[in-house]
Amino acid sequence: MFSITVRDHIMIAHSFRGDVFGPAQRLHGATFLVDATFRREQLDEDNIVVDIGLATLELGAVVSELNYRNLDDEPDFTGVNTSTEFLAKVVADRLAERVHKGALGEGARGLAGLTVTLHESHVAWASYERAL
């Protein structure tokens, strides 16, 4: 399996519900490094996984929808604990929609899967992996 990874970042504010979250139940900020890894069985006719420039551009577009937002105020997240794991899935699903709409070019139609990893710090991160 071949893969490429592109990176961006987001800064958000949010809070959690539930005792398991301790002090994070209060409104707090988070900065995440966001990695999107695109996979395919065979390289395309240009010997690439996907156009890295388009992948970078589309990841940037997806994270810009979340950047500098208080997620508690976003209608899409009403009543949801926007954990790192949950946000990794949100980013992956939104990127997958862009792949299916052709935003990463025709060559991206041969992609097998996508993994999005949100790094909370240098020692903690969460990922979501999905088929394309």
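The name an unreviewed UniProt entry gives the protein is 6-carboxy-5,6,7,8-tetrahydropterin synthase, with Streptomyces olivaceus as the organism. Quoted straight from UniProt, the Cofactor (unreviewed entry) entry for the protein says "Zn(2+)". What the UniProt record of the protein gives under Sequence similarities (unreviewed entry) is the line "Belongs to the PTPS family. QueD subfamily."

## Section: the sheet that holds strand E2 (residues 28–40)
Spatially, 5 strands are ordered E3-E1-E2-E4-E5 in an open sheet, and the strand pairing comes out mixed. If you trace the sheet from one side to the other, it starts and ends with strand E3 (69–70) and strand E5 (125–131), each paired once. As judged from the 13 bridges shared by strand E1 (residues 2–14) and E2, these two strands associate in the antiparallel manner. Counterpart to Arg7 in the pairing with E2 is Asp35. Packing against the sheet, helix H1 (residues 52–64) makes contact with E1, E2 and E3, and its axis sits at approximately 20° to E1. Running over the sheet, helix H2 (residues 84–100) touches E2, strand E4 (113–119) and E5 and is turned about 35° from E5.

About the cut-offs
Residues numbered from 1 in each chain as written. Predicted model: local features only at pLDDT ≥ 70, side-chain atom pairs only at ≥ 80, totals over all residues. Heavy atoms only, no water. UniProt positions renumbered as here; feature names shortened; annotations may be inferred. Pairing = 2+ DSSP bridges. Helix = DSSP H or I, 4+ residues; strand = E, 2+ residues; numbered from the N terminus. Contact = heavy atoms within 4.5 Å. Axes fitted to C-alpha atoms, helices over the stretch in contact; angles between N-to-C directions.

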